[in-house]
Amino acid sequence: MGGLCTCCRPQVPKDRNSTIKHHGSILHRRTSISAAFSYEPNNPSEVVPLSKTHATPLPTIFSTLDINTATEEDLMTLPMIGRVIAHNIVEYRKQIGCFRRVEDLALVSGIGATKLEKLRKEIHVSTSTANAAKSLLHNSESNSSVIVDINSASAAQFSNIEGISDELAAKIVNYRNTNGSFHHINDLVEPSGLIDVHTLLKIKGFLAISKNSGKHSRNASSASSIVRNTASNISFGIGPESIESHRARVESFNSTKSGRPIIRIGTWNLQQFGLEKVQNPGVREVVCATILETGIKILVVQELSDAEALQEIVDELNSPTLPNIQRLKGNSGLWRCMASRKPAGRMYQSAEYNGFIWDSAASINLYSSSLLEKTANGRDFVRCPFLGYFKILKMDVVLVSVHLKAVGHVGSETDLERLNKEIRNLQLLVEALKKKVPEEKDLVILGDFNLEPNKADFDILRNQSFKSIVRETVPTNISSKNMKGSRCYDNIWLSDSAAKLYTGAYQVVRNGLTNPWIPDGWRWGGVASDHCPVWVELFTDKDFDAEAANKSLEGLQLKP
């Protein structure tokens, strides 16, 4: 399946009164999902005029992030920058006064030379902010504070900042006393209306916000998207982040049924899910909100292009920064993740990893996890299954995450033969598990099978008393052009023992999978993945087999 289209995105409006610093041409293609929310130059020395007829100098639009004025929230919009590193950058900047050049960022804990090279196209240090910061440091002896905390500063401290009059300082303090703490520095522009963007751009480097002032939101307001640029001639409302994301209210998940404890185990092919994709706040919101709203406590994930991407989801679940996830915090717990240490195989243009996300607060413990090791011929599966041995309350269960060979659009005989072989190898996998952990009878094979469950190919599983949960008439794919779907590719197969714990409830989740911040060709409002998540519900108060003496899945291999 194809990835999100991030290069064919709506472009920056071509203002005749502007020049735009670009990557060498106006229509440069971007490969990063962050391209949907920023317009950054690759070569800041190259300026491409949009018109040669102007007699007066043209103002310049910088589209990268000024690391001398960026807040922690601004910094977290950069690739690979989470809350901890963003905080380290701000603290280091306070210690040195300002960054004099981009290369200084490598000295921050968690950055280093390698990460700096990947960030270089996203950031800059403007001369004006560097000089202003240095000037402020020189005057620090006469000022009450170099950096002013907008949630604790007095009117006198505000008025020490050039650009803030005594009258404006009093208004800021009065607004704060009336409406409570500011959540972000950009709140000074909206919703408060205290200052305009021009003023904020001048003073932003001298402002800070206390950590205990409330959670921040990574999704930027229209003011945030403007402040990210250092020009003052951009109007409000540019970009998708100016559109508010709404999610329907859902009932809280009840973790018991008929007085018995239950768990929902889900599977989701997240479609080329990497560090760049997870930086999109719409993608993070869809994934995290879907987990919390549906009550999924273990999620099996396929198509990870970066093993570290799952940690970003876990961080958002444990410490929500997006408003809609903060609202669902009551549904959350203590989330953990595990991705395969090695790639399971290859997918389009990258390696593919598999992984698990689970809520350890729901009495869930991961005994062990492992990729199925390749045999001598090395061609058992295009993408090796990833196995996890879990303890859930009283139940032990082995989860087998699979992503079987995809068949080309023309359904080539070669692809079909390869897919059929992989399905046959599932039987060998089950037999290998029986030898590895002979006591364990509860097996769940779940993931992207790329084939409807009623096909004769799956008789090999049915003959071993496995039961598919999703019927062939229930589609599991989705797109903005066909929200109802057309094919049943994702499924969950239960062993005979695991089926005894099946409550009879399952769902192919189809609602809430789009977001106004996700690109969709030349429009916005795309889907987070072209697969729907699927969950199954099991009782966890019984275990019909003996406890396994060996709980390690390391070294599992099909019989040659």
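Note: the structure precedes this text.
Heads up: these notes are all about the structure in this document.

As for the pairing of strand 15 (residues 386–392)
In terms of burial, strand 15 is a largely internal element, 6 of the 7 residues being buried. Relative to strand 15, strand 14 (residues 364–371) runs antiparallel, the two being bridged by 7 bridges. By the bridge assignment for strand 15, Leu 366 is matched with Phe 390. For strand 15 and strand 16 (residues 395–403), the ladder comprises 7 bridges, and the chain directions are antiparallel. By the bridge assignment, Phe 386 is partnered in strand 16 with Ser 401. Hairpin geometry of strand 15 and strand 16 is characterised by an intervening segment of 2 residues between the two adjacent antiparallel strands and by a positive phi of about 55 degrees at Leu 393.

Topic: the packing of aromatic side chains
Two aromatic rings are characterised by how far apart their centres lie and by the angle between their planes. Scanning the entire structure with this criterion turns up 8 aromatic pairs. On the basis of an interplanar angle of 25 degrees and a centroid distance of 5.3 Å, the ring pair of Phe 458 and Trp 493 is categorised as stacked. Placement of the pair is Phe 458 in the loop between strand 17 (443–448) and helix 14 (459–462) and Trp 493 in strand 19 (residues 490–494), with a sequence separation of 35 residues. The residues Phe 458 and Trp 493 share a single accessibility class, namely buried. Between the NZ or CZ atom of Arg 260 and the centre of the ring of Phe 539, over which it lies, the distance is 3.8 Å. Positioned above the aromatic ring of Tyr 367, the side-chain terminus of Lys 551 is 5.2 Å from the ring centre.

What to know about the nonpolar core
Residues Phe 390 and Leu 399 are the most contacted members of the largest nonpolar core, which totals 71 residues. Take this core: its biggest share by element is 7 residues, from helix 10 (residues 281–294). Sequence-distant contacts of Phe 390, that is, excluding residues within four places in its chain, are made with Ile 298, Phe 356, Trp 358, Ile 364, Asn 365, Leu 366, Tyr 367, Met 395, Asp 396, Val 397 and Leu 399. In terms of nonpolar packing, the next biggest core, distinct from the first, is built from 29 residues, Val 400, Leu 419, Ala 548 and Leu 553 among them.

Section: helix 11 (residues 309–318)
With 7 of its 10 residues buried, helix 11 lies for the most part within the structure. Within the sequence span of helix 11, burial applies to Ala 309, Leu 310, Glu 312, Ile 313, Val 314, Glu 316 and Leu 317.

Some details on the packing of helix 10 against helix 11
Where helix 10 contacts helix 11, the two axes come as close as 10 Å, and the packing angle between them is 60 degrees. It follows that helix 10 is oblique to helix 11 by the angle criterion. Of the two elements, helix 10 crosses helix 11, and the hand of that crossing is right-handed. Where helix 10 approaches helix 11, its residues Arg 284, Val 287, Cys 288, Ile 291 and Leu 292 are matched on the opposing element by Ile 313, Glu 316 and Leu 317.

About the cut-offs
Residues numbered from 1 in each chain as written. Predicted model: local features only at pLDDT ≥ 70, side-chain atom pairs only at ≥ 80, totals over all residues. Heavy atoms only, no water. Buried < 20%, exposed > 50% of the residue type's maximum accessible area, 1.4 Å probe, protein only. Helix = DSSP H or I, 4+ residues; strand = E, 2+ residues; numbered from the N terminus. Pairing = 2+ DSSP bridges. Phe/Tyr/Trp six-rings, centres within 6.5 Å; stacked < 30°, edge-to-face > 60°. Lys NZ or Arg CZ within 6 Å of the ring centre and 35° of its normal. Core = buried A, V, L, I, M, F, W, Y, C linked by side-chain atoms within 4.5 Å. Contact = heavy atoms within 4.5 Å. Axes fitted to C-alpha atoms, helices over the stretch in contact; angles between N-to-C directions. Parallel < 35°, antiparallel > 145°, perpendicular 65-115°, else oblique. Left-handed = near helix turned anticlockwise from the far one by under 90°.

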